[in-house]
Structures are given as structure tokens and as C-alpha cells.
Amino acid sequence: MHIAAILPPTTMPAVLFSLMLLGALCSLGESMSREEKSRLRNQVVEMFDHAYQNYMDHAYPADELMPLTCRGRVRGLEPSRGDVDDALGKFSLTLIDTLDTLVLLNKTTEFEAAVRRVLKDVRLDNDIVVSVFETNIRVLGGLLGGHSMAVMLKDGGQNMQWYQDELLHMAKDLGHRLLPAFNTSSGLPYPRVNLRHGVRGPETRTGTETDTCTACAGTLILEFAALSRFTGDPVFEAHARRAMDFLWEKRQRNSNLVGTTINIHSGEWVRRDSGVGAGIDSYYEYLLKAYVLLGDDQFLQRFNIHYASIMKYISQPPLLLDVHIHKPLLPARTWMDSLLAFFPGLQVLKGDIRPAIETHEMLYQVTKKHNFLPEAFTTDFRVHWAQHPLRPEFAESTYFLYKATGDPYYLEAGRTILDNLNRFARVPCGFAAMKDVRTGSHEDRMDSFFLAEMFKYLFLLFADDEDLPFDIEDYIFTTEAHLLPLSLSTTPHSQSIPSNRTSEEEMDDSNFEWTCPNTRLLFPDPAYPRHLREPIRTAVDKSCPRAAPYREPGMGRPPLRAQDFMANNPEHLELLRRMGVTLIHLKDGRVQLVQHATQAVSAVAAEDGVRFMQEMMELSSQQQKEQLPPRAIQIVSDPFFGRVVLTAGPAQFGIDLSKSATGLRGFVTVAEPYSGCSEITNPEYVRGHIALLQRGQCMFAEKARHIQKAGAIGGIVIDDNEGSSSDTAPLFQMAGDGRSTDDVTLPLLFLFHKEGNILLETLKEYREVEVLLSDKARDRATIFKGKPRPGSQIEGSADVEAAEGGCLTEATTPTNFEPISQSLINSLALDEIKPSQEAVSDVDQDTSPMEEASPEEGVGPAEKEASPAEEASPAEGVGPAEKEASPAEEASPAEEASPAEGVGPAEKEASPTEERAPPTVADSTQPKEETDSEKSEEGDTDSNQSVDELLADWREDLEAFQQMEKDEL
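Residues numbered from 1 in each chain as written. Predicted model: local features only at pLDDT ≥ 70, side-chain atom pairs only at ≥ 80, totals over all residues. Heavy atoms only, no water.

Enquirer: So what about helix α11 (residues 297-314)? Which residues, and what values?
Expert: With 18 residues, α11 should cover 26 Å at 1.5 Å per step; its first-to-last C-alpha distance of 25 Å lies within 8% of that length. Of all the 18 residues making up α11, 14 are buried; the element is thus mostly covered by neighbouring parts of the structure. One side-chain oxygen at the N-terminal end of α11 lies 3.0 Å from the backbone nitrogen of Q298; it belongs to D296. (Helix = DSSP H or I, 4+ residues; strand = E, 2+ residues; numbered from the N terminus. Expected span 1.5 Å × (residues − 1). Buried < 20%, exposed > 50% of the residue type's maximum accessible area, 1.4 Å probe, protein only. Polar contact = N/O pair within 3.5 Å; in protein donor to acceptor, adjacent residues only side chain to side chain.)

Following this line, the structure appears as C-alpha cells:
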């Protein structure tokens with residue numbers, strides 16, 4: 001055993017390798033045999049082969065593998081996932097990210113073939129906007145890690161003898177493509193850059209952002225400095241240092257903490273919460289590792305100052321809780337995110353082993369409870385966000401703790417990770433991310449970091465020195481686990497641009513920690529780590545699930561959690577009442593939750609009510625972020641021929657129409673019972689048809705199962721809340737029922753009352769109505785493909801001529817994706833917000849089909865008649881094909897602001913006392929007089945009004961749509 005010391009820079013090269021992993025510290029005895037370790041190591045290799053080969057077979061040259069559908073994810077061809085897709089740049093991301101993993105796993109032949117593929121196939125000049133942060137750590141880091149491995153193999157004299165630094169040349173090219181992002185007064189980079197055009201403003205879809213996360217700006221120095229030192233060009237390292245200097249200058253001087261989001265122009269903190277997880281994590285990591293790699297003691301000085309504050313304010317062993325940077329004693333949230341799982345590994349590198357053991361143990365127990373670390377979990381270790389995208393941070397910390405302690409306990413933790421991956425995430429075409437760790441449902445996603453990081457750390461955990469093709473302690477891991485040689489610390493470097501570097505006089509040497517602890521004293525006996533772990537294991541076991549009875553006398557049950565809440569459950573409603581939470585039914589079908597702490601039956605119940613409201617907001621916000629684009633229901637039968645399009649909401653289950661080139665076409669029929677909540681009694685009519693169902697009384701997935709059993713090919717759920725319309729309320733996804741919905745194999749769409757009534761009226765008048773369910777409106781040439789249109793008797797008839805000249809009519813507006821402000825604590829309006837819950841409007845209505853289809857209830861006053869000639873007017877200049885607009889194009893200018901016009905997070909914050917609905921749902925404050933007036937006018941509508949008259953008010957929508965097309969052009 002030896003002690004790793006951190007010495008002044010003059011002696012740095014001789015000791016860097018021992019700092020890297022703290023060496024092989026005290027061995028606590030082999031409770032796992034060498035044969036078992038070897039078996040697990042081989043299992044890691046087999047699992048890697050399964051993931052890598054499926055990517056190469058089914059996805060390459062795409063950026064990522066979609067393991068459920070066995071195909072590649074190509075940006076622009078799949079539904080957008082928002083910011084997640086900024087990692088994709090059409091540069092074979094997974095292959096580049098995996099290069100140095102191939103070498104570490106002794107796959108030299110595969111590595112050489114992979115390098116040749118990258119050189120032959122990968123282009124970096126794509127006209128596409130990518131994340132500077134993700135492209136740096138995954139692609140630039142992957143190229144540099146691959147270059148390091150290629151040079152190492154070439155120097156060995158057996159492999160890669162043909163290599164002439166080609167990967168390094170690609171890395172330099174990419175570095176130059178990222179540099180335009182740094183053209184800001186602060187030196188902090190824009191969060192996104194166009195690979196071909198750089199940052200040129202809105203025309204390149206870049207340069208409009210004002211904010212970036214701390215980790216995004218502070219996780220560049222390792223890759224950029226390595227690129228400078230490999231190539232001899234100092235410009236990259238200088239820019240990365242300038243960004244790090246600026247973040248250091250902007251730290252909160254009293255707490256010495258940094259916020260999560262910063263304005264790249266002013267340097268003002270936009271989000272002032274501070275932790276060690278998402279948004280900040282790798283900034284701290286790169287401060288310490290930059291010292292290790294580059295030998296610059298200023299990075300260590302800054303890290304130690306930050307670390308002292310982290311341990312003072314954020315670390316509450318075994319928890320790591322976010323705080324406010326200006327009031328660090330005030331917690332910022334009651335949950336933790338899974339990205340903080342890297343921190344015990346960083347503490348090992350720091351040499352602070354005890355808190356690393358404690359936090360890792362907490363994470364391990366949560367993992368064992370839920371099979372994986374949920375994306376976020378509460379302070380009492382329950383699921384907060386249920387996703388798990390196969391993140392490697394827990395495996396990373398497990399490896400570092402095993403290296404630091406030699407405790408075979410961590411080998412068992414690694415075995416648990418392997419077993420859970422194989423049991424729950426493995427699918428025929430790779431490994432699929434978990435959509436919900438509670439139900440075991442999957443997401444069609446396998447991120448590149450799974451191959452770049454997970455298998456590296458697991459292989460190293462079970463490998464002996466003789467199993468490795470090189471000495472791992474000669475390298476440092478980047479945040480993406482790419483390997484950079486420590487020999488770069490001796491490479492000369494200089495700065496070519498001014499830096500914001502802090503003068504040495506500002507630094508207080510008295511607080512610097514220059515040595516790591518003596519591990520002989522830290523672990524006086526092999527049982528010491530176990531003594532640290534035992535209380536934490538007990539605490540987690542007691543808290544998840546909470547075993548103690550509810551503290552309020554007479555309740556005898558645990559407090560209600562947001563993920564369990566059912567708005568139609570009387571017991572849940574009673575629990576809400578006791579917590580001071582009132583449930584209000586809104587006219588548009590939503591329910592609003594309002595908490596008044598003074599109305600709770602006790603202080604403890606009021607506290608539980610606050611937590612419930614916070615959980616519900618986070619859950620609702622997460623669901624809104626996951627929303628899918630709206631779908632289209634197009635009436636294609638005579639006399640409409642595709643001219644009428646109803647915008648519909650999608651479902652979280654069943655067939656995804658966005659993956660179908662043709663959509664689903666069929667005749668509609670009303671199911672009996674109309675609610676669809678019991679076995680269908682008219683299966684002879686439903687079979688082979690698209691069933692119409694009324695919202696209410698049971699879960700959406702239950703309706704889908706009943707009509708599917710009756711032989712339906714699809715379903716349309718129509719809102720039972722009179723007067724609801726997507727003109728005034730945003731669409732939402734129909735949620736599942738909290739259990740697996742893999743058995744639902746038909747598409748299900750949702751229509752608000754106004755649009756659904758149009759369909760019901762059409763069915764009443766024409767008896768046979770054929771519709772097309774698809775991801776977007778189709779032009780008639782696509783629908784009919786030159787064949788006679790259904791119902792046309794004579795070629796050239798008036799109906800046919802009108803249809804040929806007609807325009808697609810957009811009925812409604814698309815989904816609103818604006819996130820919920822986190823400051824809304826006391827008031828919350830909900831609809832379908834999570835897999836285990838449907839809104840109360842879906843449970844207590846008992847309206848018959850004929851009542852729901854009544855014209856008196858479904859026709860608005862503005863639905864005036866428009867002649868076919870008006871719809872087909874050549875002056876409008878819009879043909880059917882031109883009307884296939886993207887969701888962004890369908891929204892009105894008032895509803896769909898450009899990114900430059902958007903409101904930043906700081907501007908959206910509201911007082912916690914404001915009782916208003918979150919922006920993700922329709923405004924519920926419409927005056928009652930207006931609603932009553934509408935009802936009065938609806939009641940005067942002629943019951944014999946034709947369908948053409950029902951559609952008349954869309955004339956104004958059509959004109960607005962045409963104007964939007966012009967604006968877009």
C-alpha cells in the first residue's frame with residue numbers, strides 16, 4: 001500500500017499516475033474468487049458485443065441505435081425529443097464514442113476496423129445544430145480517446161502501423177467548428193452551434209440563446225487542452241480556460257457555490273440553485289481532473305474552495321441536496337437526480353473516502369429497491385422521475401471505490417448492475433432504456449454513453465492487471481470516460497488570447513488541501529467501511545417503502561404520493577382534504593389542486609401536503625416535456641375527400657402513427673357501451689372499424705383493450721366536457737393505467753368535444769364515414785393515389801371537382817410544450833399527467849351517445865357557412881400539399897413564439913402564493929359570463945344544420961394559416 005500525495009507542480013509528472021486512482025489500497029480479502037471475477041468480466045464483454053454488434057448491424061451509420069425497433073435514430077426522421085437530440089449530429093456518434101472502449105476490452109481488430117470506418121464515412125460539416133457540450137465530451141473526446149489508443153497501439157509495434165494521426169486531424173477540424181460558439185463577451189460558449197455555419201443568428205438556428213448550464217460551459221478544459229497539446233495549437237485550451245475563469249469569477253462569494261444556469265452575456269445567474277448533479281456536475285469534476293492532467297495548481301485551489309462549500313452546505317451524508325447559492329442553508333428541492341451518482345467517484349479522486357462510501361451506499365440501496373437508479377428520487381428514497389436511460393455514473397463510482405478500498409463488497413454491487421441490465425434492459429437488438437423503473441417499461445433508446453462508459457467501468461471493476469492491454473493509471477478519464485494520457489502534463493503550452501485568470505493574491509493558501517489522507521489511518525481494520533454502510537442500509541430500508549405508520553392519529557397509512565394519486569379515488573380525495581389540498585373541477589375537464597396549509601388537520605399533514613404539491617408539479621412538468629406532436633384525423637369519404645382535418649391528441653401506448661408511412665384508414669362506428677369501460681356489446685359493428693368512444697368512467701388503456709378485444713382496428717376517444725376545443729385548450733397525451741400496455745396494439749387518438757362533435761354529426765348525416773388516422777394531414781394525391789375517390793359516381797361530378805380544387809382545413813391548434821414554472825407551489829391544474837392517473841373528468845360522466853352528439857350542444861356561434869368556391873379559391877395560392885405543416889407551423893403566432901421571443905426561466909417565476917394554473921394547461925380564468933353566452937348561442941343552433949355549415953368558421957383559420965405560411969417562408 002502507498003499514500004498518494006499531491007505535490008507542487010515541479011514534481012508533478014512523477015506522481016500524477018498515483019493520484020489518478022489512489023493506487024491499489026488495502027486489500028480486504030477475496031470474498032469473490034478469481035474464477036467468478038473472470039466469469040463476470042467475460043459477461044461484460046458479451047454484453048458489450050451484444051450492444052455494439054446490434055448498433056453496427058441495425059443502426060450504423062446513424063448516431064444511435066433504437067433497440068426496440070432495431071433501426072438507427074437519424075435526426076429529423078424520428079419525432080423530436082427536444083434537447084436530447086442536440087447530441088445527434090449525423091456523425092455516427094455511437095461509433096466514435098466507443099472507439100477507446102474497443103481497445104480497453106482487447107478488441108484491437110474491431111478498433112482498427114472502426115477507425116477506418118470513421119475516416120471513410122464520418123462527415124463533420126453537416127448543416128445541423130448540435131450541443132457544444134455533448135459534441136465536446138462525446139465526439140471530440142471520442143476522437144481524442146481513439147487517437148490516444150491508436151498511438152499507444154502503434155508504438156507497441158503490432159497494430160495500427162498505417163495510422164498517421166488521422167483521428168487527431170478530424171478532432172482539430174471539429175474543434176475549429178466549435179470555436180465560433182465562444183464568440184461572446186464573457187467567453188462562455190453559446191450552448192449550440194451549427195457544424196457547417198457556426199453561430200450566425202436565427203438563419204442558422206443559433207446565436208439566439210442567452211443562457212447555458214454551468215456544466216455546459218465548464219466541461220471543456222480536458223478535451224480542449226488535450227487538443228491543444230496534441231496539435232500544438234494553443235487556441236483551444238485558451239478558450240476553455242477563459243470560460244472556466246469566468247465561471248470562477250461569477251461564483252457566489254459568500255457561499256463559494258455556483259448556480260445551475262448562467263446568462264452567457266451578462267454573467268448573471270438565471271437559476272440560483274446549486275448542487276452536484278444535473279447542470280453543474282462535471283464543472284467540479286473538470287476542475288480537479290484539469291489539475292491532474294495539466295499540472296496547474298490553480299485548478300486544485302479552486303476545486304478545494306468549492307469542495308469545502310459543498311461539504312458544508314450540500315452534503316448531508318448520505319444525501320446531497322441542492323441549496324440556494326445566496327442562502328446556502330435553505331434547501332432548494334426535496335429530491336436528488338441520478339447524475340450526482342458520479343460524486344462518490346470524484347471524492348475518491350479527492351481522497352475523501354468516508355462520505356464517498358456513505359453516499360454510494362445510499363445510491364446502492366436505492367438501486368436495489370428499484371433495480372436501477374431512477375432519474376430522480378426523493379429524500380426518503382422513493383421514485384420522483386421514473387426514467388432510467390442506462391446512465392453509468394453509479395457504475396463509475398463503484399469502480400473507483402473498489403480501486404480505493406479493495407473491498408469485495410463493490411464487486412457484488414457491480415454484479416447487481418450486470419444482473420439488472422440483463423434481466424430488465426436487455427432486448428433482442430441491444431439494451432433499452434427504462435421508461436419507468438416501477439413497471440419495467442422500455443424506451444426505444446440506447447445512448448452512446450452506454451457503450452462509452454458503462455462497459456468500461458464494469459470491465460475495469462472485474463479485470464485484473466494482466467487483463468488490460470495497457471496501464472490504466474497512465475490515463476485519466478474524461479466525464480464521458482474517454483482516456484487521455486497523463487503525459488500531456490509535460491507538453492508545452494501557451495495562451496494566445498487574454499484570460500480572465502484570477503490573480504494569485506486573491507487566493508488564500510491557508511485553506512488549500514495539498515495531501516490525500518493516509519488510508520492506513522482511515523481504514524484501521526477491514527470492517528471499517530462496513531460500519532459506515534450499515535446505518536445507511538437500515539435507513540433506506542425503513543424509508544422505502546415507509547414502514548412506520550402515518551404520524552397523524554387515526555390515519556394509520558402513509559402519506560399520499562403524487563405518483564399514486566387517482567382523482568376518482570374517494571380515499572385519495574379524503575387524504576387530500578386532510579392535507580389541506582382542495583380539488584376543483586374546471587369547466588374544460590381539468591382539475592385544479594390548491595393547498596391551504598391552515599386547512600390541514602395538523603402541521604404534519606400540512607407538510608405532507610406541500611410535498612405532495614411539489615411532487616405533482618414535477619410529475620406534471622416531466623409529462624409535459626415528454627409530449628408527442630399532435631396527430632391528425634382526416635375525413636376521406638364522400639363528400640369531404642380529405643378536406644376536413646381534425647387535430648387529435650396521441651396516446652402513450654399502442655401503435656405510434658408517426659412511424660407509419662400510410663397511417664390507418666377505416667370506417668368509424670360508435671361502440672356500445674359508449675364509455676368503452678366494459679365488454680363491447682356490438683362487436684359485429686366494431687369489428688374491422690375504428691371505434692368511437694366517450695371519455696370518462698375508466699382509464700384510456702382499458703377502453704383500448706375492450707375495443708381491441710371486439711376486433712376494432714383503432715379508436716377515437718371524444719371528450720365529454722361540453723364545448724371543449726383545442727382552439728382554447730392544449731392537447732395532451734392519453735396516459736396508460738400504471739401497468740404494462742404492451743398488449744395494446746391498435747392506435748388510439750383523442751378529440752376534444754368540438755372536433756369530436758363534428759365527427760359524430762358527420763356520422764349521423766352520412767351513416768358511413770371513412771377517416772384516416774395519421775401523424776399529419778395528407779394531401780389527396782397521397783390518400784387516393786390516383787384511384788377514384790370513395791362515393792364518387794361520375795367522373796367530373798360537382799363533388800369531385802370541388803374536392804380536387806379544395807384545401808385542407810386545419811381545425812385546431814397544436815400542443816403547447818411550455819414547461820411548468822417550478823415556483824407554483826400552492827396551486828396546480830392537471831389533466832392526464834402520468835401513467836397511473838387520469839383526470840377526474842374521465843371518471844364521473846354518464847352521458848349517452850345521442851345526448852353527446854346533439855347539435856344543440858356541439859355547435860358554436862361562429863361556425864358560419866363557407867362555399868366550396870371560397871375554400872378552393874386560386875387566389876389563396878395554397879394547394880393541399882402545401883398545407884402539410886409542421887406542428888410549429890400550425891400554431892398561431894400568438895401561441896407559438898420563436899426561441900428568440902421566448903421567456904427565459906427567470907422571467908417565468910411566479911410568487912409561491914400565486915394561485916394560478918401552470919402554463920401547460922388551458923387558462924381556467926375565463927369569465928363565466930362569456931361561457932354562458934356561448935352556451936346560449938349554441939342552444940339557438942338549428943338542429944338540422946349541415947356538416948358544411950358546421951365547418952364554416954374555419955375560413956378565418958384558413959386565412960390565418962396561409963399568412964403563417966408566408967411568414968414562415
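Enquirer: Let's hear about empty space enclosed by the protein: which residues, and what values?
Expert: Applying the stated criterion across every chain, the model contains 7 cavities of 30 Å³ or more. Of the voids in this model, the largest cavity is the one considered here, and its volume is about 160 Å³. Considering the residues around the largest cavity, the lining is formed by 17 residues, among which L373, H388, R391, F394 and M454 are closest to the centre. Within the residue set of the lining of the largest cavity, elements represented by two or more residues are α14 (393-405) and α15 (409-425). (1 Å grid on protein atoms, 1.4 Å probe; cavity = no way out; pocket = protein on both sides within 12 Å on 5 of 7 lines; lining within 4 Å. Points joined across faces, edges and corners; volume = space filled by probe spheres on them.)

Enquirer: Lay out the nonpolar core in plain terms, naming residues and giving numbers.
Expert: F111, L421 and F431 are the most contacted members of the largest nonpolar core, which has 175 residues in total. Per element, the largest residue contribution to this core is 11 residues, and it comes from helix α5 (residues 132-156). Once residues within four sequence positions are removed from consideration, F111 is found in contact with L99, L102, V103, G146, M149, A150, L153 and M160. (Core = buried A, V, L, I, M, F, W, Y, C linked by side-chain atoms within 4.5 Å. Contact = heavy atoms within 4.5 Å.)

Enquirer: Can you lay out the side chain of D100 for me, pointing to particular residues and giving the numbers?
Expert: In this fold, D100 is placed in helix α3 (residues 93-104). Overall, D100 belongs to the buried group, its relative accessible area being 0%. In this structure the side chain of D100 is engaged in a polar contact, spanning 2.7 Å, whose partner is the side chain of K456. What D100 contacts, discounting residues up to four positions off in sequence, is G145, G146, M149, K456, A481, H482 and L483.

Enquirer: Any details on unusual backbone geometry? Residues and values, ideally.
Expert: At the junction of Y60 and P61, the peptide bond is cis and its omega measures out at 10° in the coordinates. Along the chain, P61 falls in the loop between α2 (34-58) and β1 (64-66). Of note, the bond from D638 into P639 is cis; its omega dihedral lies within 30 degrees of zero at 10°. Mapped onto the elements, P639 comes out in the loop between β23 (631-635) and β24 (644-648). If you check the backbone angles, N371 has positive phi at about 75° while not being a glycine. In this fold, N371 is placed in the loop between α13 (353-370) and β13 (376-378). Here N371 falls in the partly exposed class, since its relative accessible area comes to 23%. Within the chain, F381 stands out as a residue other than glycine whose phi angle is a positive 70°. Counting through the fold element by element, F381 comes out in the loop between β13 and β14 (383-385). Relative accessible area serves as the criterion here: at 5%, F381 is assigned to the buried category.

Enquirer: Any details on the pairing of strand β29 (residues 770-774)? Residues and values, ideally.
Expert: β29 sits mainly inside the fold: 5 of its 5 residues count as buried. Every second residue of β29 is oriented toward a common face, with E770, L772 and S774 on one face and V771 and L773 on the other, all of them buried. Taken together, the 4 bridges between β23 and β29 define a ladder with antiparallel strand orientation. In the strand pairing of β29, I635 is matched with V771. Both strand β25 (residues 664-670) and β29 contribute to a ladder of 4 bridges, which runs antiparallel. Residue pairing across strands places L664 opposite L773, the latter belonging to β29. (Pairing = 2+ DSSP bridges.)

Enquirer: How would you summarise the pattern of salt bridges if you had to cite specific residues and measurements?
Expert: Counting across every chain of the model gives 46 salt bridges. Here R241 and E237 are joined by a salt bridge, their closest N and O atoms 2.9 Å apart. Linking R241 with E237, this pair stays in helix α9 (residues 235-249), spanning 4 residues, or about one helical turn. Per residue, the accessibility class of R241 equals that of E237, and both read buried. R665 serves as the salt-bridge partner of E770, at 3.0 Å between the closest nitrogen and oxygen. In this pair, E770 sits in strand β29 while R665 sits in strand β25, placing the two residues 105 residues apart along the sequence. Relative accessible area serves as the criterion here: at 32%, R665 is assigned to the partly exposed category. Bridged by salt links that share partners, the residues E64, R81, D85, E134 and R138 form one connected network. (Salt bridge = Lys/Arg side-chain N within 4 Å of Asp/Glu carboxyl O.)

Enquirer: For the packing of α3 against helix α4 (residues 108-121), give the residues involved together with the corresponding values.
Expert: Direction vectors running N to C along α3 and α4 enclose 155°, while the axes themselves pass 9 Å from each other. The orientation of α3 with respect to α4, classified from their angle, is roughly antiparallel. Handedness of the crossing formed by α3 with α4: left-handed. Of α4, the residues touching α3 (which contributes L95, I96, L99, L102 and V103) are E110, F111, A114, V115, R117 and V118. A breakdown of the residues in the contact of α3 with α4 according to their chemical character gives 9 nonpolar, no polar and 2 charged. (Axes fitted to C-alpha atoms, helices over the stretch in contact; angles between N-to-C directions. Parallel < 35°, antiparallel > 145°, perpendicular 65-115°, else oblique. Left-handed = near helix turned anticlockwise from the far one by under 90°. Nonpolar A, V, L, I, M, F, W, Y, C, P; charged D, E, K, R; others polar.)

Enquirer: I'd like a rundown of the state of the cysteines, residues and numbers included.
Expert: Here the structure, examined in full by the defined rule, presents 3 disulfides. The disulfide that involves C213 links it to C216, with 2.1 Å between the sulfurs. Taking the sign of the S-S torsion, about 90° here, the bridge from C213 to C216 comes out right-handed. Taken as a pair, C213 and C216 share a single burial class, namely buried. Disulfide partner of C677: C698, at an S-S distance of 2.0 Å. Here C677 and C698 share a disulfide; its torsion about the S-S bond, -85°, makes the bridge left-handed. Note that C677 is positioned in the loop between β25 and α21 (683-686) and C698 in the loop between β26 (690-694) and α22 (700-709), a separation of 21 residues in sequence. Here C677 falls in the buried class, since its relative accessible area comes to 17%. (Disulfide = S-S within 2.5 Å.)

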